Amino acid sequence: MSDAATTPRHRELGLTDDEAARIPELIGREPTDPELVMFSLMWSEHCSYKHSKLLLGGLPTSGPGVLQGPGENAGLVDVGDGLAVAFKIESHNHPSAVEPFEGAATGVGGIVRDVLAMGARPIALLDALRFGSLESARSRHLFTQAVAGIAHYGNCIGVPTVGGEIGFDDCYEESCLVNAMCVGVVGHDRTLSAAGRGPGNAVVLIGNRTGRDGIGGASVLASAELDAGQDLRPSVQVSDPFTERKLIDCCLALAEDDLLVSLQDLGAAGLTSASSEMAAKGGVGLDLDLDKIPLREPLEAAEILVSESQERMLAVVEPADVDRVLEVCRRWELEAEAIGAVTDSGRLVARHRGEVVADLPARALADDAPAYSVPIDPAPPSEELDLAAVPEPADLGRAWLGLLRDPNLGSPRWIYQRYDHLVGANTVVRPGGDAAVVRLPGSDRAIAVATDGTERHCQVDPRAGGAAAVLDAARNVACTGARPIGATDCLNFGNPEKGATGWRLREVIAGMADALDALGIAVVSGNVSLYNESRERIVHPTPIVGVVGVLEHSEQRVGHAFAHEGETVLLIGYGEPRLDASAYLGSARGRPPAPDPARERALVDTLTSAAADGLMSSAHDVSDGGVAVALTESAIAGGVGATLEIAPGRRADEDLFGEGGGRVLVSATPDDADRLEAMLPDGLGVIARGRVGGDEVVIARGSERTSIRLDDAAAAYEAALPEALA
Amino acid sequence: MTVAVVRFPGSLDHESAARAVRQAGGEPVEAWHADASLPPDTEAVVIPGGFSYGDHLRPGAIASRSAVMADVARHAERGGRVLGICNGFQVLCEAGLLPGALRTNAALSFVCRQVELEISDRSTQWTGGERGPERLSIPVKNHDGAWFGDPDRARVMLRYVDDPLGSTDRVAGVANDGGNVLGLMPHPEEACDPLLGSTDGRHLFAGLLGRAA
């Protein structure tokens, strides 16, 4: 702050000179200071996507079943029976790097309110996490605190945390990723929108008092690189999950009684963002009286306008209903105040202590942020992997156990046991497998949901890696028997203004679009998190894709555990294992084979048909760690060994631990296995066969037999995370 | 049979508990925390799990002093059945209706997993008496679920086969002297449906209604 006297105010707030010059052109005069602060936040990367929105256009966002694409607080997709699911994934990376407990906790709170704003009842949470290697004390701290924050918040609000995934890599050492996804359910005729409507209607602020927390926080934090030593702690918001739970109960009660015209969450940039988006979406104006807002401490007008205090919602209510709304809020012991009115001016007007402190066209804030094209400089193609330079393990069994003991591949139990993944009594497939399955309250239907990220693949081949992220998540969902119906994505990248990041972003999006088109599903919501880099390093391009699928009957769900001794094991799908960019290699090197979206679609369709016909006792995706790890996971989950016979390829370690293609390990009765085989369309085949049974996990590669004892495997698998954290 | 399911701000499992009551043949009715009395014709009470009042002060401490709890105490004194699950168990201990207290888990973290319970006292209808099962498989999920007290001066009903929480003498659930008030940390309402992996929780809801599962 020592150079505050010499630095122009707009630059202090993070606006460029060109951006600052654009504001008077839009509003016809110089902005007031509160107005400048409002613009600086609304035009930040976090709120405006100014460096990514030109690239995002390539993603499919509509299609059969899509009731609401991007643009609202969350997307909406039909699930049948007159029900829709609302879902979205969002990052809270930068706050979590500064204060992991509160950063991760408030990330959960924010995404839950996004789903709530659609009128939906939140029924499932997932968290995709990336941290530096657990050999680093700092990463151990960030990881354990982020998990504790998610547990603290998610458990207390009564929404089951049913899934997600985890990865540890040095590239995340200074820039951890914390992405939270929420799914909610709502009747088609009960959905809400954030679009403000009806001049003369009242604007009611519900929930926590407004304080100085997170002033400029999310927006400024999330829009610049973090440098070591910077103390940004006061910028991180503080969580209050008890109030969030009351907000959920209260908003659902208000929606049920038809008392809400529209509903909006207060997230990044607080009231400024919530109100300008409400006005811009509805083509109306809002007049706000800042003196009516319950404050936790004395605040200036600009602070009230941009405070990021958590657990607040903004509602538009018909004047005749205001008293009833306030009464329902009191019943839930929540503060609520009518703080303004909808107008037909199209302007966002804020009064404070008798003066107009802001009077802006709402669209200028919400829609007129600049859009920048980013440099598209391709990274050089990655070099072919020299297999001869990868040392071949002397003892394959030892290498196998070593992989199971790797925190990237071992059991996530240490994490999900800290989360209430059962609350609601609807979790019919619990965490630890391919996707969680949650029964829809009051329906026989269920949803399956999974997140996936493919950062090593994206680093060496962003287009194929982007496709793989979508396809992996869809395959995970299909392994439970569910038919994928929609996707949400969080694109975690470095600074797009430098290097090859812009090109990688474009390529990942193109690959995702190819895969989504092949699957016939759309991205209905999402988030972009840029500037995930430090002076030392840039994160791998990390698209986290969440896919939601539907099961028409909950009891058709399939788990990943081998169920019965003597059953047949089939490895079905396509593709050959490769060590390029694999978890076994542990680094982003080589040229992994690109996935084939058309064959992936066929595989997804085969799995969902087989589940509907009740043919599969288990199904498990072959992903990180290859077929050896997948076989072991199904065996451990079922408490029974298995043997798989595979055809020898180039090298034993590649055959066992290689990744690539779309391969699924299925178990079934011998008769059902025959039926399943007969169902396989052109392009898919049975790659390997085996049998459930015994107390060993065995892979026979021609005459060469590698085995590990099931109890040794389980011990290594369960020890992976606890040992790395000890 | 009318079963009051008490709801506080922060209750989470009231709907699952009501579903389990209905499945057992009872008629669940919501009892609002601020009301001075239980709903008319209440014959049994469930205090479900959750984070009433956000666990502020101590889990269950604020809820135990809410208006409706005075009537729950009168209902218990009259010999009416009360089932407290997880946070409901904490509320009943805080209210003095059950002995002991619930402390933070030994692991200092939330624990969510399936547990095996052995029925220590098979003399009551709660678990179907002597003809009822000897063990139950039910999930546990809490942060402050380690029962602390004197097992010799409490009517211990349920013990963990392998205690993940660090309770005194593996105690998972206790009753009052009369046997009509039962509190347990595991969640029987999460184990009433084959789709969820276990139906053992049905015994406790049948017991609440005074019949066998």
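Computed from a predicted structure; not experimentally measured. The written sequence of each chain sets the order in which its residues are numbered from 1. Written order determines the labels here, with chains lettered from A and ligands numbered from 1. Local features are withheld for residues below a pLDDT of 70 in this predicted model, meaning they are given only at 70 or higher, and side-chain atom pairs are given and counted only at 80 or more; totals for whole chains, interfaces and linings count all residues. To obtain the side-chain values, all non-hydrogen atoms of the structure were included, while hydrogens and water were left out.

Q: Can you help me understand helix H2 (residues 17-27) of chain A in this one?
A: One full turn of an α-helix is made of 3.6 residues, so residues set three or four places apart face in the same direction. All names here are of chain A. Working definition: with a 1.4 Å probe on protein chains only, accessible area under 20% of the residue-type maximum means buried, over 50% means exposed, and in between means partly exposed. Labels follow the DSSP assignment, with helices taken as runs of H or I lasting at least four residues and strands as runs of E lasting at least two, numbered in each case from the N terminus. Of all the positions in H2, only Glu19, Ala20, Ile23, Pro24 and Ile27 are classed as buried. Considered in projection along H2, the buried side chains sweep an arc of 145° and stay on one side of the axis. Residues of H2 that are exposed and point over 90 degrees away from its buried face: Asp18 and Glu25. In what follows, residue pairs with any heavy atoms lying within 4.5 Å of each other are defined as contacts. Where the residues of H2 are buried, they touch helix H1 (9-12), helix H3 (33-42) and strand S13 (355-361). Of the residues one or two after H2, glycine 28 is the one with positive phi, at around 80°. To be clear, the arc concerns the directions from the helix axis to the C-beta atoms.

Q: Could you clarify how one ought to interpret the sheet that holds strand S15 (residues 436-439) of chain A in this entry?
A: Where strands meet in a sheet, backbone hydrogen bonds hold them as pairs that are either parallel or antiparallel. Residues and elements named next belong to chain A. Think of it this way: DSSP has to see at least two bridges between two strands before they count as a pair. As summarised here, the arrangement of the 6 strands in space is S14-S15-S16-S19-S17-S18, forming an open sheet in which the pairing is mixed. The sheet terminates laterally at strand S14 (427-429) and strand S18 (523-529), the two strands that pair on one side only. Between one strand axis and the next, the sheet turns through 25° on average, direction left out of account. In terms of strand pairing, strand S16 (residues 446-453) meets strand S19 (residues 542-551) through 8 bridges, oriented antiparallel. The convention used is that axes are lines fitted to C-alpha atoms, helices contributing only their stretch in contact, and that angles between N-to-C directions extend from 0 to 180 degrees.

Q: Mind showing me how you'd approach the sheet that holds strand S1 (residues 66-68) of chain A here?
A: Residue and element names in this part refer to chain A. Here 6 strands make up an open sheet; going across it, the order is S1-S2-S3-S6-S4-S5 and the pairing mixed. Every other strand in the sheet has two partners, leaving S1 and strand S5 (161-168) as the edge strands with one partner each. Within this sheet the neighbouring strands show an average axis-to-axis angle of 25°, counted without direction. Bridge analysis of strand S2 (residues 75-80) against strand S3 (residues 83-91) gives 5 bridges, and the strand direction is antiparallel. Paired with glycine 80 across the two strands is leucine 83, which belongs to S3. In this fold helix H7 (residues 100-116) packs onto S3, strand S4 (121-131) and strand S6 (177-187), with an angle of close to 25° to the strand it touches most, S6.

Q: Explanation requested: the pairing of strand S10 (residues 312-317) of chain A in the structure shown.
A: One face of the sheet, then the other: side chains in a regular strand alternate in exactly this way. All names here are of chain A. Within S10, 6 of the 6 residues are buried, leaving the element largely enclosed by the surrounding structure. Side chains of S10 alternate between two faces, with Arg312, Leu314 and Val316 and Met313, Ala315 and Val317 buried alike. Here 6 bridges tie strand S7 (residues 202-207) to S10, and the two strands are oriented antiparallel to one another. Within the sheet, the bridge partner assigned to glycine 207 lies in S10 and is arginine 312. Sheet topology places strand S8 (residues 262-265) next to S10; 4 bridges connect them, and they run antiparallel.

Q: I would appreciate a short explanation of the interface of chain A and chain B in the present structure.
A: Accessible area lost during the coming together of the parts is what is often quoted as the interface size. With 29 residues of chain A at the contact, the number on the chain B side is 30 residues. Taken together, both faces of the contact between chain A and chain B bury some 2500 Å²; the carbon and sulfur share is 56%. A pair is scored as a salt bridge if a Lys or Arg side-chain nitrogen falls within 4 Å of a carboxyl oxygen belonging to Asp or Glu. For the interface between chain A and chain B, the tally reads 5 salt bridges. Among the ionic pairs, B:Asp193 bridges to A:Arg439, the shortest N-O distance being 2.6 Å. Two parts placed together each lose some accessible area; with a 1.4 Å probe, that loss summed over both constitutes the buried area.

Q: Just checking my understanding: could you explain the packing of aromatic side chains for this structure?
A: In this description, an aromatic ring pair is defined by two values, namely the gap between the centres and the angle between the planes. Note on aromatic contacts: the rings of Phe and Tyr and the six-membered ring of Trp form a pair at centre separations within 6.5 Å, being stacked when their planes are under 30 degrees apart, edge-to-face when over 60 apart, and tilted otherwise. As enumerated under the stated definition, the model contains 7 aromatic pairs over all chains in all. With centroids separated by 6.1 Å and ring planes inclined at 50°, the aromatic side chains of A:Phe242 and B:Tyr53 adopt a geometry described as tilted. In this pair, A:Phe242 sits in helix H10 (residues 241-256) while B:Tyr53 sits in the loop between strand S3 (44-47) and helix H2 (67-77), so the two residues belong to two different chains. Each of the two residues, A:Phe242 as well as B:Tyr53, counts as buried. Ring centres 5.0 Å apart and planes at 85° place the aromatic pair A:Trp332 and B:Trp32 in the edge-to-face group. Taken together, the positions of A:Trp332 in the loop between helix H13 (322-331) and strand S11 (336-343) and B:Trp32 in strand S2 (residues 27-32) put the pair across two chains. Pair check on accessibility: A:Trp332 and B:Trp32 agree, each one buried.

Q: Before we go on, may I ask you to explain the pattern of salt bridges in this structure?
A: One side chain can pair with another of opposite charge once the charged atoms of both are near each other. All names here are of chain A. One pass over the full model with this rule turns up 63 salt bridges over all chains. Residues aspartate 265 and arginine 113 are paired through a salt bridge, measuring 2.8 Å at the closest nitrogen-oxygen approach. With a gap of 152 residues between them, aspartate 265 in strand S8 and arginine 113 in helix H7 connect regions that are remote in the sequence. The pair formed by aspartate 265 and arginine 113 is uniform in burial state, with each residue classed as buried. Taking the shortest distance from any N to any O, the salt bridge between lysine 498 and glutamate 533 comes out at 3.3 Å. Remark: glutamate 533 occurs in the loop between S18 and S19 and lysine 498 occurs in the loop between strand S17 (483-492) and helix H19 (501-519); sequence separation between them is 35 residues. Judged by its relative accessible area of 40%, lysine 498 is partly exposed.

Q: In this structure, what is going on with unusual backbone geometry? I would like to understand it.
A: Trans is the common state for peptide bonds, and a negative phi is the common state for residues other than glycine. If you check the backbone angles, A:Asp81 has positive phi at about 60° while not being a glycine. Looking at the secondary structure, you find A:Asp81 in the loop between S2 and S3.

Q: Can you walk me through the environment of A:Ile447 in this structure?
A: All names here are of chain A. Within the element layout of this structure, isoleucine 447 appears in strand S16. Classification of isoleucine 447 as buried rests on a relative accessible area of 0%. When the C-alpha positions of isoleucine 447 and valine 428 are compared, they lie 9.8 Å apart, and in sequence the two are 19 residues distant. Leave out the neighbours within four places in its chain, and isoleucine 447 touches Val79, Val85, Ile123, Val183, Ala436, Val437, Val438, Leu440, Val548, Gly549 and Val550.

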